[in-house]
Amino acid sequence: MTNDILRLSEALTRDTERSQFRDTLARNLASNSDKIRASLRQSGEYRISTTKGDVVIRSKQKVA
Amino acid sequence: MIAIVASALLGIYVFLPEFLFKKLAIKFRVVTKTPRGRFEELISGASVVLVPFLAAAILSRAFRFVGHWPFPLDQDVSAKYADYGTALSSLVSDGYFRDHLDATWSAVAHIRLHQCRFLFWMYLALAIEILCVFLLTYFYGSLSRYPLYKLTFGRIFLGRASQWEVLLTGFAFPAGSRPQVAVDAMTTDNHLYAGTVADYFLKADGELSGLLLKDIRRFRFQSHEQDRKSGMVPDTDGYWKDIPGANFYLPADKIANLNIKYVTAPRELRQDVEDLVESMDLGIPFTVELEPLPTSNAPIANGYSDATEGEDD
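Residues numbered from 1 in each chain as written. Chains lettered and ligands numbered in written order. Predicted model: local features only at pLDDT ≥ 70, side-chain atom pairs only at ≥ 80, totals over all residues.

Concerning the overall build of chain A
From N to C terminus, chain A includes 3 helices and 2 strands. Listing the helices and strands of chain A from first to last along the sequence gives α-α-α-β-β. Here the C-alpha atoms of chain A give a radius of gyration of 18 Å, more than 25% beyond the 11 Å that 2.2 N^0.38 yields for 64 residues. Considered along the principal axes of its C-alpha atoms, chain A spans approximately 65 × 20 × 15 Å. Across the 64 residues of chain A, 20% fall into the buried class. (Helix = DSSP H or I, 4+ residues; strand = E, 2+ residues; numbered from the N terminus. Rg over C-alpha atoms; globule rule 2.2 N^0.38 Å. Buried ≥ 20, exposed ≤ 12 C-beta atoms within 10 Å, placed from the backbone.)

What follows is the structure, encoded as structure tokens:
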């Protein structure tokens, strides 16, 4: 039996749960960047639901 | 006498270095669980010993310091070869040994110094070899993206590594962020178990013989089916039941299929989130939190009560 662990490990690490999470979140953040800025200025918080839980971005500045 | 000396030399120069290599380059040993052919075993053993041997031989000729320290002996090359000739003749012929007793013992004392010096450098080279192999294997997850590594170490040394090492450990991932390996195992008697892989065991032929699981849970399939048939829309997360006990051994011949998942530690997910948000350049100072989802070990949902819990135990 010949095992090519190089190909196997490439396949395992290519599309992981973590990379999917990161890619989805990156797309979400990029497409909502204006909304996030506005929300942080107005309410001081922006919440994104993900498969791993809610990502909560909170402004450190006092909300107007 | 020749047999004793040959055995001693074989032990010191071949068997002991190979034994130390196999014992100390732990990561390499663990991932080479698949059986090798006799020829491959021979080549592998020879290459393990040959590298430090050649390194010591070349360096002792190239650098005077290596050739004369430790165990210094002020002797020219011709005298050195004469000593080896005397010792060999005495080994072959008892008569020669008796006639040249003083010369033989003097030659043996010189040879001992030469050999101890050579062995010192050879075992130092062996230690460096073991360290290199250990590090190259340990950092496989980070190094395997480089073509040079793939073509050399990856292909030559790890070409026959067990696929189970790659599948059931975080071996393929970078050493600093190895995920926890979780499996959903469907057994041949239609039970579904979920847990994290604590260890795995192989048969002599390199095939899986069993899995040791921790944090084990079993899916209550019958209860789920009953609720589904009664018109409910069951939440599958609520039908997992914790199995008490620290260790759960699942024999491979009972496993029908495995769903393997690589679970990232929460702190690494949080770091990913922070990095992504920071890269946005929001222009506002902020903090980021990742509020994890509630665990799926929650109490049974959708009206399924503890009173019926034992049904499909």
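A short note on the overall build of chain B
Along the backbone of chain B there are 12 helices and 7 strands. Put simply, chain B has 313 residues, and 21% of those count as buried. The contacts of chain B with a sequence gap of at least 6 include a subset with a gap of at least 24, amounting to 67%. (Contact = placed C-beta atoms within 7 Å.)

A look at the interface of chain B and chain A
Taken together, the contacts link 33 residues of chain B with 30 residues of chain A. When contributions to the side of chain B that touches chain A are tallied by element, the ones reaching two or more residues are helix 9 (147–156), helix 10 (163–168), strand 6 (255–263), helix 12 (266–278) and strand 7 (286–292) of chain B. Sorting elements by how many residues they give to the side of chain B that touches chain A places strand 7 of chain B first, with 7 residues. Taken together, the residues of the side of chain B that touches chain A break down into 19 nonpolar, 8 polar and 6 charged. Bridging between strand 2 (residues 53–59) of chain A and strand 7 of chain B involves 7 bridges; their strand directions are antiparallel. Counterpart to Gly53 of chain A in the pairing with strand 7 of chain B is Pro292 of chain B. (Nonpolar A, V, L, I, M, F, W, Y, C, P; charged D, E, K, R; others polar. Pairing = 2+ DSSP bridges.)

Things to note about the sheet that holds strand 7 of chain B
Whenever strands of a sheet pair, they do so through backbone hydrogen bonds, lying parallel or antiparallel. If you trace the 3 strands from one edge of the open sheet to the other, you get 1(A)-2(A)-7(B), paired in antiparallel fashion. Strands with a single pairing partner mark the edges of an open sheet, and in this sheet they are strand 1 (45–50) of chain A together with strand 7 of chain B. Taken pair by pair, the neighbouring strands of this sheet meet at an average axis angle of 15°, ignoring direction. The pairing of strand 1 of chain A with strand 2 of chain A spans 6 bridges and is antiparallel. Across the sheet, Tyr46 of chain A pairs through a bridge with Ile57 of chain A, a residue of strand 2 of chain A. Against the sheet, helix 12 of chain B touches strand 2 of chain A together with strand 7 of chain B, its axis set at about 145° to strand 7 of chain B. (Axes fitted to C-alpha atoms, helices over the stretch in contact; angles between N-to-C directions.)

Description of the confidence of the model for chain B
All names here are of chain B. Per-residue confidence for chain B gives a mean pLDDT of 85; residues scoring 70 or more make up 88%. Put simply, helix 2 (residues 26–31) is where chain B has its lowest mean pLDDT, 54, and strand 5 (residues 248–251) is where it has its highest, 95. Interface predicted TM-score (ipTM) for the complex: 0.84; the corresponding pTM is 0.76. (pLDDT = per-residue confidence, 0-100.)

A short note on helix 1 (residues 5–14) of chain A
Looking only at helix 1 of chain A, the buried set comprises Ile5, Leu6, Ser9 and Thr13 of chain A. Around the axis of helix 1 of chain A, the buried residues are gathered within 100° of arc, so they sit on the same side. Set apart from the buried face of helix 1 of chain A by more than 90 degrees, the exposed residues are Arg7, Ala11 and Arg14 of chain A. Looking at the buried residues of helix 1 of chain A, the elements they touch are helix 9 and helix 10 of chain B. (Arc of directions from axis to C-beta.)

Some thoughts on the packing of helix 5 (residues 77–92) of chain B against helix 7 (residues 101–138) of chain B
Residues and elements named next belong to chain B. Where helix 5 contacts helix 7, the two axes come as close as 8 Å, and the packing angle between them is 120°. Taken together, the axis directions place helix 5 and helix 7 in an arrangement best described as oblique. Seen from above, helix 5 lies across helix 7 with left-handed handedness. Contacts between helix 5 and helix 7 involve Lys80, Asp83, Tyr84, Thr86, Ala87 and Ser90 from the first element and Ala103, Thr104, Ala107, Val108, His110, Ile111 and His114 from the second. When the residues that make up the contact of helix 5 with helix 7 are grouped by side-chain class, the tally is 6 nonpolar, 5 polar and 2 charged. (Parallel < 35°, antiparallel > 145°, perpendicular 65-115°, else oblique. Left-handed = near helix turned anticlockwise from the far one by under 90°.)

Looking at the confidence of the model for chain A
Here chain A averages 83 in pLDDT, while 91% of its residues score no lower than 70. Here helix 1 of chain A stands out as the least confident element of chain A, with mean pLDDT 84; strand 1 of chain A is the most confident, with 90.

What to know about the nonpolar core
In terms of nonpolar packing, the biggest core is built from 22 residues, with Ile5 of chain A together with Val166, Val197, Leu211, Leu213 and Leu250 of chain B touching the most fellow members. Among the elements of the structure, helix 1 of chain A together with helix 10, strand 1 (180–187), strand 2 (192–202) and strand 3 (208–219) of chain B are those that each provide at least two residues to this core. In this view, Val197 of chain B contacts Leu168, Val181, Val183, Leu211 and Leu213 of chain B; residues no more than four positions away in its chain are not counted. (Core = buried A, V, L, I, M, F, W, Y, C linked by C-beta atoms within 7 Å.)

Some words on the environment of Glu291 of chain B
Note on placement: Glu291 of chain B falls in strand 7. Overall, Glu291 of chain B belongs to the partly exposed group, with 13 C-beta atoms counted inside 10 Å. The spatial distance from the C-alpha of Glu291 of chain B to the C-alpha of Trp121 of chain B is 56 Å, given a sequence separation of 170 residues. If near-sequence neighbours (up to four positions away) are discounted, Glu291 of chain B is found in contact with Gly53, Asp54 and Val56 of chain A.

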